[in-house]
Amino acid sequence: MYQTVEGFLNVWQMESSLTQKLMNQLTDESLKQEIAPGYWSLGETAWHIVVVGGLIAKQTGLDFNSPSPESPIPALAKEIAEGYQQMSQGILAAVKKQWKDGDLLAESAIFGQPQANGATLSMLVSHEIHHRGQMSVLMHQAGVKVPGIYGPSKDDKDERK
(Lines give C-alpha, C1' and ligand atoms only; values in the text may rest on other atoms or scores of the structure.)
Protein backbone atom coordinates (compact mmCIF):
# COMPACT_ATOMS: atom_id res chain seq x y z
CA MET A 1 0.00 0.00 0.00
CA TYR A 2 1.32 3.40 -0.91
CA GLN A 3 1.91 5.75 2.04
CA THR A 4 2.82 8.87 0.04
CA VAL A 5 1.57 10.43 -3.16
CA GLU A 6 5.17 10.92 -4.26
CA GLY A 7 5.90 7.21 -3.76
CA PHE A 8 3.01 6.25 -6.02
CA LEU A 9 3.84 8.88 -8.63
CA ASN A 10 7.43 7.64 -8.88
CA VAL A 11 6.35 4.03 -9.36
CA TRP A 12 3.49 4.90 -11.73
CA GLN A 13 5.73 7.02 -13.96
CA MET A 14 8.19 4.14 -14.30
CA GLU A 15 5.64 1.33 -14.70
CA SER A 16 3.36 3.22 -17.08
CA SER A 17 6.32 4.20 -19.26
CA LEU A 18 7.25 0.51 -19.51
CA THR A 19 3.68 -0.41 -20.46
CA GLN A 20 3.61 2.42 -23.00
CA LYS A 21 6.74 0.89 -24.63
CA LEU A 22 4.80 -2.34 -25.17
CA MET A 23 1.70 -0.55 -26.40
CA ASN A 24 3.77 1.41 -28.91
CA GLN A 25 5.17 -1.83 -30.39
CA LEU A 26 1.75 -3.31 -31.18
CA THR A 27 0.74 -3.69 -34.79
CA ASP A 28 -2.78 -3.82 -36.18
CA GLU A 29 -2.20 -7.44 -37.25
CA SER A 30 -0.87 -8.49 -33.84
CA LEU A 31 -4.05 -7.46 -32.03
CA LYS A 32 -5.77 -10.70 -33.09
CA GLN A 33 -3.12 -12.98 -31.51
CA GLU A 34 -4.59 -15.38 -28.93
CA ILE A 35 -2.70 -17.74 -26.65
CA ALA A 36 -5.33 -20.35 -27.52
CA PRO A 37 -8.81 -20.28 -29.06
CA GLY A 38 -11.36 -18.66 -26.79
CA TYR A 39 -8.86 -16.71 -24.69
CA TRP A 40 -8.33 -12.96 -24.81
CA SER A 41 -6.43 -11.69 -27.81
CA LEU A 42 -3.51 -9.31 -27.53
CA GLY A 43 -5.80 -6.43 -28.48
CA GLU A 44 -8.37 -7.43 -25.85
CA THR A 45 -5.67 -7.70 -23.18
CA ALA A 46 -4.15 -4.33 -24.08
CA TRP A 47 -7.55 -2.62 -24.13
CA HIS A 48 -8.44 -4.25 -20.80
CA ILE A 49 -5.41 -2.52 -19.24
CA VAL A 50 -6.65 0.79 -20.63
CA VAL A 51 -10.28 0.67 -19.58
CA VAL A 52 -9.93 -1.17 -16.27
CA GLY A 53 -7.06 1.07 -15.19
CA GLY A 54 -9.32 4.07 -15.59
CA LEU A 55 -12.27 2.29 -14.00
CA ILE A 56 -10.32 1.29 -10.89
CA ALA A 57 -8.78 4.73 -10.39
CA LYS A 58 -12.10 6.53 -10.87
CA GLN A 59 -13.74 4.40 -8.17
CA THR A 60 -11.50 6.24 -5.68
CA GLY A 61 -13.08 9.55 -6.69
CA LEU A 62 -10.26 10.70 -8.94
CA ASP A 63 -11.54 12.83 -11.82
CA PHE A 64 -9.80 12.53 -15.21
CA ASN A 65 -10.54 11.60 -18.80
CA SER A 66 -9.97 8.06 -20.02
CA PRO A 67 -11.66 5.61 -22.37
CA SER A 68 -14.87 4.11 -21.01
CA PRO A 69 -15.15 0.39 -20.23
CA GLU A 70 -18.13 0.34 -22.61
CA SER A 71 -16.09 1.68 -25.53
CA PRO A 72 -15.36 -0.90 -28.23
CA ILE A 73 -11.89 -2.31 -28.62
CA PRO A 74 -10.13 -0.27 -31.30
CA ALA A 75 -9.09 -2.11 -34.45
CA LEU A 76 -5.96 0.03 -34.72
CA ALA A 77 -2.96 -0.51 -32.46
CA LYS A 78 -2.20 3.21 -32.52
CA GLU A 79 -5.59 3.96 -30.96
CA ILE A 80 -4.99 1.47 -28.14
CA ALA A 81 -1.59 3.05 -27.44
CA GLU A 82 -3.17 6.51 -27.45
CA GLY A 83 -5.94 5.32 -25.12
CA TYR A 84 -3.35 3.95 -22.75
CA GLN A 85 -1.43 7.20 -22.77
CA GLN A 86 -4.61 9.17 -22.02
CA MET A 87 -5.50 6.87 -19.11
CA SER A 88 -2.02 6.63 -17.59
CA GLN A 89 -1.29 10.34 -17.86
CA GLY A 90 -4.76 11.10 -16.55
CA ILE A 91 -4.12 9.04 -13.41
CA LEU A 92 -0.73 10.68 -12.94
CA ALA A 93 -2.10 14.21 -13.22
CA ALA A 94 -5.20 13.47 -11.12
CA VAL A 95 -3.29 11.95 -8.20
CA LYS A 96 -0.73 14.76 -8.31
CA LYS A 97 -3.39 17.50 -8.33
CA GLN A 98 -6.27 16.01 -6.36
CA TRP A 99 -4.66 14.06 -3.50
CA LYS A 100 -2.42 14.64 -0.50
CA ASP A 101 -0.75 11.83 1.44
CA GLY A 102 -3.70 11.54 3.83
CA ASP A 103 -6.04 10.71 0.94
CA LEU A 104 -4.21 7.40 0.53
CA LEU A 105 -5.60 6.25 3.88
CA ALA A 106 -9.18 7.19 2.98
CA GLU A 107 -11.36 4.29 1.92
CA SER A 108 -13.34 4.01 -1.30
CA ALA A 109 -15.68 1.28 -2.51
CA ILE A 110 -13.70 -0.69 -5.08
CA PHE A 111 -15.99 -3.09 -6.90
CA GLY A 112 -18.29 -2.79 -3.88
CA GLN A 113 -15.64 -3.49 -1.21
CA PRO A 114 -14.10 -0.83 1.05
CA GLN A 115 -10.39 -0.40 0.45
CA ALA A 116 -7.82 2.25 1.31
CA ASN A 117 -6.92 4.39 -1.70
CA GLY A 118 -3.22 3.56 -1.24
CA ALA A 119 -4.05 -0.16 -1.48
CA THR A 120 -6.15 0.47 -4.57
CA LEU A 121 -3.21 2.19 -6.24
CA SER A 122 -1.04 -0.83 -5.39
CA MET A 123 -3.68 -3.09 -6.93
CA LEU A 124 -3.73 -0.87 -10.04
CA VAL A 125 0.03 -1.19 -10.52
CA SER A 126 -0.02 -4.97 -9.91
CA HIS A 127 -2.93 -5.40 -12.33
CA GLU A 128 -1.01 -3.60 -15.04
CA ILE A 129 2.20 -5.55 -14.47
CA HIS A 130 0.27 -8.84 -14.58
CA HIS A 131 -1.36 -8.07 -17.93
CA ARG A 132 1.84 -6.56 -19.33
CA GLY A 133 3.45 -9.98 -18.85
CA GLN A 134 0.61 -11.60 -20.76
CA MET A 135 1.04 -9.04 -23.53
CA SER A 136 4.73 -9.81 -23.90
CA VAL A 137 4.02 -13.51 -24.46
CA LEU A 138 1.31 -12.75 -27.02
CA MET A 139 3.61 -10.25 -28.75
CA HIS A 140 6.28 -12.94 -29.13
CA GLN A 141 3.71 -15.32 -30.56
CA ALA A 142 2.57 -12.62 -33.01
CA GLY A 143 6.13 -11.95 -34.17
CA VAL A 144 6.26 -8.46 -32.63
CA LYS A 145 9.55 -7.37 -31.09
CA VAL A 146 9.24 -7.09 -27.33
CA PRO A 147 11.23 -4.25 -25.80
CA GLY A 148 13.10 -4.77 -22.55
CA ILE A 149 11.10 -4.11 -19.42
CA TYR A 150 13.33 -4.50 -16.35
CA GLY A 151 16.36 -5.14 -18.49
CA PRO A 152 17.07 -6.08 -22.10
CA SER A 153 14.80 -8.58 -23.80
CA LYS A 154 15.96 -11.35 -26.10
CA ASP A 155 14.80 -9.15 -28.99
CA ASP A 156 17.04 -6.32 -27.74
CA LYS A 157 19.99 -8.71 -27.50
CA ASP A 158 19.31 -10.14 -30.99
CA GLU A 159 19.35 -6.62 -32.47
CA ARG A 160 22.81 -5.95 -31.05
CA LYS A 161 24.37 -8.97 -32.76
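Anything mentioned here points back to the structure above.
Described in the following lines is the structure provided in the data block. (Residues numbered from 1 in each chain as written. Predicted model: local features only at pLDDT ≥ 70, side-chain atom pairs only at ≥ 80, totals over all residues. Heavy atoms only, no water.)

**Notes on helix 1 (residues 5-25)**
Now for step 1: Here helix 1 spans 30 Å end to end across 21 residues, near enough to the 30 Å set by a 1.5 Å rise per residue.
Now for step 2: Among the residues of helix 1, Val5, Phe8, Leu9, Trp12, Glu15, Ser16, Leu18, Thr19, Gln20, Leu22 and Met23 are the ones counted as buried.
Now for step 3: On its buried face, helix 1 sits against helix 2 (42-58), helix 3 (77-98) and helix 4 (117-141). (Helix = DSSP H or I, 4+ residues; strand = E, 2+ residues; numbered from the N terminus. Expected span 1.5 Å × (residues − 1). Buried < 20%, exposed > 50% of the residue type's maximum accessible area, 1.4 Å probe, protein only. Contact = heavy atoms within 4.5 Å.)

**Overview of the packing of aromatic side chains**
Now for step 1: For the structure on display, the rule yields two aromatic pairs.
Now for step 2: Seen in terms of ring centroids, tyrosine 2 and phenylalanine 8 are 5.4 Å apart; in terms of plane orientation they differ by 80 degrees. Their pairing is edge-to-face.
Now for step 3: According to the relative accessible area criterion, tyrosine 2 is buried, its value standing at 14%.
Now for step 4: Here the aromatic rings of phenylalanine 8 and tryptophan 12 are separated by 5.7 Å at their centres, their planes lie at 20 degrees, and the arrangement is stacked. With phenylalanine 8 and tryptophan 12 both in helix 1 and four residues apart, this pair spans about one turn of that helix.
Now for step 5: Judged by relative accessible area, phenylalanine 8 falls into the buried class, the value being 0%.
Now for step 6: Classification of tryptophan 12 as buried rests on a relative accessible area of 0%.
Now for step 7: Three or more aromatic residues joined by ring pairs form one cluster here, namely Tyr2, Phe8 and Trp12. (Phe/Tyr/Trp six-rings, centres within 6.5 Å; stacked < 30°, edge-to-face > 60°.)

**Quick word on the packing of helix 2 against helix 4**
Now for step 1: Following both chains from N to C, one finds helix 2 and helix 4 inclined at 175 degrees, their axes separated by 9 Å at the closest point. Relative to helix 4, helix 2 is oriented roughly antiparallel. Residues Leu42, Thr45, Ala46, His48, Ile49, Val52, Gly53, Ile56 and Ala57 of helix 2 form the contact with helix 4, whose participating residues are Thr120, Met123, Leu124, His127, Glu128, His131, Arg132, Gln134, Met135, Leu138 and Met139.
Now for step 2: Looking at the contact of helix 2 with helix 4, its residues break down into eleven nonpolar, seven polar and two charged. (Axes fitted to C-alpha atoms, helices over the stretch in contact; angles between N-to-C directions. Parallel < 35°, antiparallel > 145°, perpendicular 65-115°, else oblique. Nonpolar A, V, L, I, M, F, W, Y, C, P; charged D, E, K, R; others polar.)

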